[in-house]
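A closer look at the structure
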Amino acid sequence: MCPKTSKTTPLLLIGGIVFVIILVAITGVTLINNINLSNIIRLNEKVASDSVSATDNQIKELNYVNNHPKNLLAKLPSATPANNEANEAGDSRSLEQIRHEMSSVVPEPKLSAVIWRDGQKSQFLDPMKSPTLALPLGGATVTPGGEAVSLIDYEKRAQIVKMMEHAWHNYKLYAWGKNELRPLSQRPHSGSIFGSYDLGATIVDGLDTLYIMGLEKEYKEGRDWIERRFSLDNISAELSVFETNIRFVGGMLTLYAFTGDPLYKEKAQHIADKLLPAFQTPTGIPYALVNTKTGMAKNYGWASGGSSILSEFGTLHLEFAYLSDITGNPLYRERVQTIRQVLKEIEKPKGLYPNFLNPKTGKWGQQHMSLGALGDSYYEYLLKAWLQSGQTDEEAREMYDEAMLAIMDKMVRTSPNGLTYVSDLKFDRLEHKMDHLACFSGGLFALGAATRQNQHTDKYMEVGKGITNTCHESYIRAPTQLGPEAFRFSDAAEARALRSQEKYYILRPETFESYFVLWRLTHDQKYRDWGWEAVLALEKHCRTPHGYCGLRNVYQQEPQKDDVQQSFFLAETLKYLYLLFSDDSVLPLDEWVFNTEAHPLPIKGANIYYRKAPVPLPASNAS
Ligand code: DMJ
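Residues numbered from 1 in each chain as written. Predicted model: local features only at pLDDT ≥ 70, side-chain atom pairs only at ≥ 80, totals over all residues. Heavy atoms only, no water.

Some points on the side chain of Ser582
One can find Ser582 in the loop between helix H21 (567-580) and strand S20 (592-594). At 2.9 Å, the side chain of Ser582 forms a polar contact with the backbone oxygen of Tyr578. In this structure, Ser582 is in contact with Leu151, Ile152, Arg157, Trp519 and Arg528, ignoring residues within four places of it in sequence. (Helix = DSSP H or I, 4+ residues; strand = E, 2+ residues; numbered from the N terminus. Polar contact = N/O pair within 3.5 Å; in protein donor to acceptor, adjacent residues only side chain to side chain. Contact = heavy atoms within 4.5 Å.)

Structure (structure tokens):
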């Protein structure tokens with residue numbers, strides 16, 4: 001037995017080993033196959049999830065898109081008499097009228113029609129070159145063949161949503177109800193513009209962005225906070241009239257337009273009422289600061305002998321005019337109309353507006369002119385007041401055209417290497433420097449050109465594109481790929497900051513705002529590419545585990561962070577970036593006009609969300 005056993009043992013052993021080898025080989029091949037297979041599955045899943053996430057994204061848009069005028073049309077009942085739906089929206093037009101006005105609107109594009117742009121296609125979609133486009137400023141994008149196409153870049157847009165979530169969740173975690181977040185120290189921050197009270201600036205400023213992005217849970221917690229906690233009663237805060245208007249009044253007005261929720265109208269009016277005492281000056285030009293309790297108002301000590309600042313008192317018109325229309329109270333519009341009249345009638349040196357005006361004497365202060373700090377949004381609001389009025393406020397458009405003509409002549413220059421920029425002007429001397437703030441003017445020049453055809457149109461569009469290009473240059477000439485607070489043009493440098501106090505970046509939106517406007521107007525892919533470059537730079541340098549910070553010096557490889565997440569990062573920077581990767585039908589520019597804090601306001605006569613207060617019926621004289 002034993003020998004027999006000893007003979008069969010090696011055989012069994014060899015057989016076993018061979019078996020194991022075969023088993024391993026089979027398993028290996030299967031494994032490899034499986035890996036390939038799972039890759040393929042994963043790939044398929046990705047393809048599927050892309051379409052799912054596309055669908056998800058669309059679903060996320062529902063609260064906005066479903067209520068969008070284009071889609072509302074489909075929901076309107078066929079009955080023609082004056083309808084409740086429109087009346088609920090504060091719109092006095094009949095269904096028939098709405099139907100008629102909306103009939104030229106192209107339906108929301110189908111998902112299957114998603115296309116990715118290429119250079120060739122952007123050519124014929126350039127509204128400046130293609131007058132055949134029915135809605136050059138908005139609506140779904142339409143090819144010359146009349147086919148509706150969607151221009152959503154889902155992946156990039158989803159990244160912006162994630163950034164918003166990161167900014168919001170950390171604010172919520174460490175600074176809820178306070179004004180802003182300090183991401184490095186994980187505690188609240190409050191700049192003096194908020195009068196050192198807890199006004200939830202990030203909530204009010206960021207809420208419409210959450211709404212647009214379809215971040216419903218976050219939106220609801222913000223709304224809830226506003227309802228329960230936001231009030232300017234019983235506090236003695238010294239508020240900046242301008243900042244409070246553009247961030248708080250503007251934010252509430254947009255939310256009211258979006259939702260029709262009376263809470264926002266009440267709050268907008270409540271805030272504006274607190275600002276009104278600042279307008280009690282001999283000229284009607286408001287002071288810069290007002291105390292919410294006492295109504296005492298004053299100007300900044302540093303502002304040219306007690307002057308008010310052009311970009312501040314000149315950036316109230318959109319909000320105050322709209323507030324009058326939705327409340328039925330003409331007072332707010334009257335206040336800004338007074339400012340308009342002063343500025344219309346006053347003599348303008350060389351056709352330009354200095355940055356300082358004394359509210360008591362009605363005389364200009366120092367003759368410094370700028371499309372950057374202290375001047376910027378005044379010019380913006382001239383064009384936009386005209387747009388907001390449905391292009392009926394001709395006075396505003398004329399004042400805009402005249403001002404821009406003078407700026408073109410006296411302040412817009414080209415550098416030796418061909419970069420277009422807007423200088424500051426101090427008395428008769430050009431200071432060849434451009435603020436980051438002035439980078440919004442690329443979009444402004446372009447928007448002005450796209451909305452009125454005259455002998456300057458082509459030139460203005462060219463300047464708009466040129467300024468936007470220069471601002472992009474100021475970004476890519478910095479190792480961080482983020483632009484400095486101000487940059488200069490001299491023999492030594494072009495589009496670069498030279499002084500240490502102008503090398504910082506505080507998460508500002510102006511350059512992206514121009515990318516967004518230029519993208520909408522030209523569909524040139526480069527604006528999206530530039531926006532994406534900036535997103536990568538923001539992620540690399542400004543993102544921290546607890547929110548986003550500005551940088552102290554954009555020219556350092558590893559710049560120090562400033563520990564402030566500005567409320568305008570949520571209100572503007574992320575909104576413009578989100579819209580840059582969205583379809584044109586999301587907030588079309590022929591239905592919405594953005595206030596200077598990127599809060600979209602509806603355009604009268606073009607947008608059923610205008611929600612004008614019903615005109616009171618004439619008193620009955622029956623008895
Ligand atoms: C914002 O508050 C507004 O855009 C304002 O018009 C200028 N400054 C900031 C953003 O940089």
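Brief notes about the nonpolar core
Side chains of a nonpolar character, in soluble globular proteins, are inclined to be buried together. Ranked by internal contacts, the top residues of the largest apolar core, which has 156 residues, are Ile226, Phe230, Leu343, Tyr379, Ile407, Phe445 and Leu538. With eleven residues, helix H10 (residues 241-259) is the single largest residue contributor to this core. Apart from the residues within four sequence positions on either side, Leu538 is in contact with Met163, Leu482, Tyr505, Leu507, Phe512, Arg543, Tyr548, Phe569 and Leu577. Core analysis: the second largest hydrophobic core is formed by six residues, Ala288, Leu289, Tyr300 and Phe356 among them. (Core = buried A, V, L, I, M, F, W, Y, C linked by side-chain atoms within 4.5 Å. Buried < 20%, exposed > 50% of the residue type's maximum accessible area, 1.4 Å probe, protein only.)

Topic: the state of the cysteines
In total, this model carries one disulfide according to the counting rule given. One disulfide in the model links Cys439 with Cys471; its S-S distance is 2.1 Å. On the sign convention where negative is left-handed, the bridge of Cys439 and Cys471, at about -95 degrees about the S-S bond, is left-handed. In this pair, Cys439 is assigned in the loop between strand S15 (433-435) and helix H17 (441-451) and Cys471 in helix H18 (residues 457-476), connecting sequence segments 32 residues apart. For Cys439, a relative accessible area of 1% translates into the label buried. Given the relative accessible area of 1%, Cys471 is considered buried. (Disulfide = S-S within 2.5 Å.)

Examining the site of the ligand
Contacts to the ligand come from Ile246, Arg247, Leu437, Arg508, Pro509, Glu510, Phe568, Glu572, Thr596 and Glu597. For the ligand, an oxygen atom lies 2.8 Å from a polar atom in the backbone of Thr596. Between Glu597 and the ligand, the recorded distance is 2.5 Å, taken from a side-chain N or O atom to an oxygen atom. Expressed as a share of its isolated accessible area of 290 Å², the protein-covered part of the ligand is 92%. If you list the elements that add at least two residues to the shell around the ligand, you get H10 and H21. (Near = heavy atom within 4 Å. Areas by Shrake-Rupley, 256 points an atom, 1.4 Å probe, with all protein chains shown as cover.)

Focus: the UniProt feature "active site" (unreviewed entry) in the chain
Using the residue numbers shown here, the UniProt feature "active site" (unreviewed entry) corresponds to Glu243, Asp376, Glu485 and Glu510. Within the secondary structure, Asp376 sits in helix H15 (residues 376-388). Excluding residues that lie within four positions of it along the chain, Asp376 makes contacts with Ser311, Ser370, Leu371, Leu437 and Phe440. At a separation of 3.5 Å, a polar atom in the side chain of Asp376 contacts the side chain of Ser377. Turning to its location among the elements, Glu510 is positioned in helix H19 (residues 510-522). If we ignore the near neighbours within four places in the chain, the residues touching Glu510 are His436, Leu437, Cys439 and Phe440. (UniProt positions renumbered as here; feature names shortened; annotations may be inferred.)

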